[in-house]
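If you want the building blocks of each chain, they are given just below.
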Amino acid sequence: MDFISTLALGLGSAWVSGINLYAAVAALGLLGRFGNLPLPGDLTVLTSGWVIGVASGLYVVEFVADKVPLVDSAWDFIHTFIRVPAGAVLAAGAFGDFDRSLQVIAFLLGGTLALGSHGTKATARAAINTSPEPFSNIGASLLEDGVAVGSIFLAAFFPVLMLILLLVFTVLAIIFLPRIFAFFRRQIARVRAKKGGRPGTARSILRR
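Residues numbered from 1 in each chain as written. Predicted model: local features only at pLDDT ≥ 70, side-chain atom pairs only at ≥ 80, totals over all residues. Heavy atoms only, no water.

1. Thoughts on the nonpolar core
Consideration 1: Membership of the largest hydrophobic core comes to 38 residues, with the highest contact counts inside it found for Trp-15, Leu-39, Leu-46 and Ile-152.
Consideration 2: Broken down by secondary-structure element, the contributors of at least two residues to this core are helix H1 (3–34), helix H2 (49–65), helix H3 (71–94), helix H4 (100–128), helix H5 (135–157) and helix H6 (159–196).
Consideration 3: Take this core: its biggest share by element is 16 residues, from H1.
Consideration 4: If we ignore the near neighbours within four places in the chain, the residues touching Leu-39 are Leu-9, Leu-28, Gly-32, Thr-44, Leu-46 and Thr-47. (Core = buried A, V, L, I, M, F, W, Y, C linked by side-chain atoms within 4.5 Å. Buried < 20%, exposed > 50% of the residue type's maximum accessible area, 1.4 Å probe, protein only. Helix = DSSP H or I, 4+ residues; strand = E, 2+ residues; numbered from the N terminus. Contact = heavy atoms within 4.5 Å.)

This is the structure in structure tokens:
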């Protein structure tokens, strides 16, 4: 596999892992085992039947949990400590046949991309969960599932296009992430204000 294809598959899978790690691993494993896709470097381990089976099982669990309001946010919080390092490992593993310095660079870039996509997903979901109806949450989750699987196929078969999309995402993340986090902080402040203003609390009694 040439450098561009390896770069797209490594960084693309890292970015997807921030959205849905198990979908990324399962899709890569299935493509490598049954789709005649030569996975680069150490990613060949993903073609193991055990890896595919475990990743697919965990994807089913996440598919359900990710569509339940508040449960999805708790799931995202826990997976902050899983998706980001896993994305870094996937990116570095793709460059297993290259120089060690390239593996380290891929590790850093992969972790950064996974953190960016995970942070965007988590904050967007927290904002969506402020809506009382569940349909927007389910729709967002299904869209993320489609983006995750579709991006793996793009990285595998249209590497240049995937790299362009990653560049666009990086630029958009730099522009919009501060606004998303600001919105998230405002929502937290509103929740705290409501709790602080309930009758019977020490704060509300002191204000009377």
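Alright, that's what it looks like, and here's the rest.
2. What to know about the pattern of salt bridges
Consideration 1: On inspection of all chains with the given rule, the structure shows 10 salt bridges.
Consideration 2: Residue Glu-62 is joined to Lys-121 by a salt bridge in which the shortest nitrogen-to-oxygen separation is 3.8 Å. In this pair, Glu-62 sits in helix H2 while Lys-121 sits in helix H4, placing the two residues 59 residues apart along the sequence.
Consideration 3: For Lys-121, a relative accessible area of 6% corresponds to the buried category.
Consideration 4: The salt bridge partner of Lys-121 is Asp-76, with a shortest N-O separation of 3.9 Å. (Salt bridge = Lys/Arg side-chain N within 4 Å of Asp/Glu carboxyl O.)

3. Thoughts on the packing of H1 against H5
Consideration 1: In contact at an axis separation of 8 Å, H1 and H5 are set at 90° when each is read in the N-to-C sense. Regarding the angle of H1 to H5, the classification is roughly perpendicular. Taking contact as the criterion, the partners of Ala-8, Leu-9, Ser-13, Trp-15, Val-16, Ile-19, Asn-20, Ala-23, Ala-24, Ala-27, Leu-28 and Leu-31 in H1 are, on H5, Glu-144, Asp-145, Val-147, Ala-148, Ser-151, Ile-152, Phe-153, Ala-155, Ala-156 and Phe-157.
Consideration 2: By residue class, the composition of the contact of H1 with H5 is 17 nonpolar, 3 polar and 2 charged. (Axes fitted to C-alpha atoms, helices over the stretch in contact; angles between N-to-C directions. Parallel < 35°, antiparallel > 145°, perpendicular 65-115°, else oblique. Nonpolar A, V, L, I, M, F, W, Y, C, P; charged D, E, K, R; others polar.)

4. Describing the side chain of Asn-20
Consideration 1: Note on placement: Asn-20 falls in helix H1.
Consideration 2: Accessibility expressed as a relative area gives 1% for Asn-20, which makes it buried.
Consideration 3: Polar side-chain contacts of Asn-20 include one of 3.0 Å to the backbone nitrogen of Ala-23.
Consideration 4: Setting aside chain neighbours within four positions, we find Asn-20 in contact with Tyr-59, Glu-62, Asp-145 and Ala-148. (Polar contact = N/O pair within 3.5 Å; in protein donor to acceptor, adjacent residues only side chain to side chain.)

5. Regarding the confidence of the model for the protein
Consideration 1: Averaged over all residues, the pLDDT of the protein is 86; the fraction at 70 or higher stands at 86%.
Consideration 2: Counting interchain partners and residues more than four positions distant, the pLDDT-below-50 stretch residues 199–208 has 12 contacts. (pLDDT = per-residue confidence, 0-100.)

6. A closer look at the packing of aromatic side chains
Consideration 1: Summed over all chains, the structure comprises 7 aromatic pairs.
Consideration 2: Between Phe-3 and Phe-95 the ring centres are 5.8 Å apart and the planes differ by 65°, which places this aromatic pair in the edge-to-face class. Of this pair, Phe-3 sits in helix H1 while Phe-95 sits in the loop between H3 and H4; the two residues are 92 residues apart in sequence, bridging distant segments of the chain.
Consideration 3: On the basis of relative accessible area, Phe-95 is assigned to the buried category, the value being 2%. (Phe/Tyr/Trp six-rings, centres within 6.5 Å; stacked < 30°, edge-to-face > 60°.)

7. Describing the environment of Gly-57
Consideration 1: Within the fold, Gly-57 resides in helix H2.
Consideration 2: Note: C-alpha distance between Gly-57 and Ala-26 (31 residues apart in sequence) is 9.3 Å.

8. A short note on unusual backbone geometry
Consideration 1: With phi around 55°, Asn-36 is a residue other than glycine that occupies positive phi space.
Consideration 2: Its place among the elements puts Asn-36 in the loop between H1 and H2.
Consideration 3: By relative accessible area, which is 73% here, Asn-36 ends up exposed.
Consideration 4: The backbone of Leu-70 sits at a positive phi, close to 75°, despite the residue not being glycine.

9. Some remarks on the packing of H1 against H3
Consideration 1: Where H1 contacts H3, the two axes come as close as 8 Å, and the packing angle between them is 170°. Overall, the two elements H1 and H3 adopt an arrangement that is roughly antiparallel. As H1 runs across H3, the sense of the crossing is right-handed. Each of Thr-6, Gly-10, Leu-11, Ser-13, Ala-14, Ser-17, Gly-18, Ile-19, Leu-21 and Tyr-22 in H1 lies in contact with H3, whose residues at this interface are Trp-75, His-79, Ile-82, Arg-83, Ala-86, Gly-87, Leu-90, Ala-91 and Ala-94.
Consideration 2: Split by residue class, the contact of H1 with H3 holds 11 nonpolar, 7 polar and 1 charged. (Left-handed = near helix turned anticlockwise from the far one by under 90°.)

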